[in-house]
Amino acid sequence: MPDPSAAAVFTDLAQESRELDSLVGDVPGPDWARGTPAPGWTIAHQIAHLHWTDRAALLSLTDADGFAAMAEAALKAPDTFVDEGAQEGARWAPAELLTRWRAGRAALGEALAAASPDTRFPWYGPPMKAASMASARLMETWAHGQDVADALGVHRTPTARLRHVARIGVRARDYAHAVRGLPAPSEEFRLELTAPGGAGEWAYGPADAPQRITGPALDFCLLVTRRAHRADLALTATGPDADRWLDIAQAFAGPPGAGRTPRTSR
């Protein structure tokens, strides 16, 4: 499947952010303290985390020294810096947090569009081009938006923007093994994912690969962002390595976390 153009990624990121904004924009102040499926994180923590990460991405694009200082502080507290960033913003009044998040993501959108398309910018993992950074921001926005939607009891209609999340999940296959100290599979897999609304198929990997994953793209995205347990998803694996991958897949950098428990055990 060809890479989406940079302009499309930037547009999709803005749309994904607006969709989440529409969920939280009218939430009463007291409900920002409502817990989400992430232990210890409220709706305010989720939005504060997105604001914090948008600010880090903006520094990466526009202020290399400022980002280096931020990354250095993170290295001093590798197990807590994400929670600390979310906690800082969660202490603000909801209206202030919402205003800051909106302004921050607007500034990031402008910086992404103005960035040199071939330059790799520093990040907490490998350096990334602007389009890849936008894809990563979209993945996080969608995933944390799912936490918010779950907290509010809202069903979100999946969109074609999930192609960015799915692509990251596919590309992160070997990383998911490495972060757990496992050897990566020696051969490529074939993935055939049904696009949202049944609008065609998103295919990755050699068509004749013996190890395969099939199922809805939404379910694959929920799996690789660890927003649902495999037992609750309609994904089918053929081959032992593909089957093991579905147990450990993740699209994000860092520790995998506990993930969700099966709905039947809650």
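Below is a short write-up of the structure. (Residues numbered from 1 in each chain as written. Predicted model: local features only at pLDDT ≥ 70, side-chain atom pairs only at ≥ 80, totals over all residues. Heavy atoms only, no water.)

### A word on helix α3 (residues 64-76)
Part 1: In a regular helix each residue adds 1.5 Å, so 13 residues correspond to 18 Å; α3 covers 19 Å between its end C-alpha atoms and thus fits that length.
Part 2: Residues of α3 that are buried include every one of F67, M70, A71 and A74, and no others. Relative to the axis of α3, the buried residues are bounded by an arc of 100 degrees and lie together on one face. Turned more than 90 degrees away from the buried face of α3 sit D65, L75 and K76, all of them exposed.
Part 3: Turning to α3, the residues buried within the fold contact α2 (43-62) and α4 (81-90). (Helix = DSSP H or I, 4+ residues; strand = E, 2+ residues; numbered from the N terminus. Expected span 1.5 Å × (residues − 1). Buried < 20%, exposed > 50% of the residue type's maximum accessible area, 1.4 Å probe, protein only. Arc of directions from axis to C-beta. Contact = heavy atoms within 4.5 Å.)

### Considerations on empty space enclosed by the protein
Gaps left between atoms are located by rolling a probe of water-molecule size over the structure's atoms.
Part 1: Following the criterion strictly, the structure yields two cavities of 30 Å³ or more and no others.
Part 2: For the second largest cavity, the calculated volume is near 40 Å³.
Part 3: Every residue lining the second largest cavity is listed: A48, H51, W52, R55, G85, E88, G89 and W92.
Part 4: Of all elements in the fold, only α2 and α4 reach the threshold of two or more residues within the lining of the second largest cavity.
Part 5: Sorting elements by how many residues they give to the lining of the second largest cavity places α2 first, with four residues.
Part 6: Of the residues belonging to the lining of the second largest cavity, the class tally is three nonpolar, three polar and two charged. (1 Å grid on protein atoms, 1.4 Å probe; cavity = no way out; pocket = protein on both sides within 12 Å on 5 of 7 lines; lining within 4 Å. Points joined across faces, edges and corners; volume = space filled by probe spheres on them. Nonpolar A, V, L, I, M, F, W, Y, C, P; charged D, E, K, R; others polar.)

### A look at the packing of α2 against α4
Part 1: Running from N to C, α2 and α4 cross one another at 110 degrees; their axes reach a closest spacing of 7 Å. Comparing their axes, α4 and α2 come out roughly perpendicular. As for the relative orientation of α2 and α4, their crossing is right-handed in sense. Within the contact between the two elements, α2 uses A44, H45, A48, H49, W52 and R55 and α4 uses F81, V82, G85, A86, Q87, E88, G89 and A90.
Part 2: Partitioned by chemical class, the residues of the contact of α2 with α4 number seven nonpolar, five polar and two charged. (Axes fitted to C-alpha atoms, helices over the stretch in contact; angles between N-to-C directions. Parallel < 35°, antiparallel > 145°, perpendicular 65-115°, else oblique. Left-handed = near helix turned anticlockwise from the far one by under 90°.)

### A short note on the nonpolar core
Part 1: Ranked by internal contacts, the top residues of the largest apolar core, which has 46 residues, are L191, F220 and W245.
Part 2: With seven residues, helix α6 (residues 130-152) is the single largest residue contributor to this core.
Part 3: Ranked by size, the runner-up nonpolar core spans 18 residues in total, among them L20, I43, L98 and A151. (Core = buried A, V, L, I, M, F, W, Y, C linked by side-chain atoms within 4.5 Å.)

### Quick word on the environment of L191
Part 1: Mapped onto the elements of the fold, L191 is located in strand β1 (residues 190-194).
Part 2: Here L191 falls in the buried class, since its relative accessible area comes to 2%.
Part 3: Separated by 15 residues in sequence, L191 and P206 have C-alpha atoms that sit 8.7 Å apart.
Part 4: Residue contacts for L191: discarding those within four places in its chain leaves V170, W202, A203, Y204, I213, F220 and W245.

### Thoughts on unusual backbone geometry
Part 1: A positive phi angle, close to 60 degrees, is found at R226, a residue other than glycine.
Part 2: For R226, the location among the structural elements is in the loop between α9 (217-224) and β4 (236-238).
Part 3: The exposure class of R226 is buried, given its relative accessible area of 18%.

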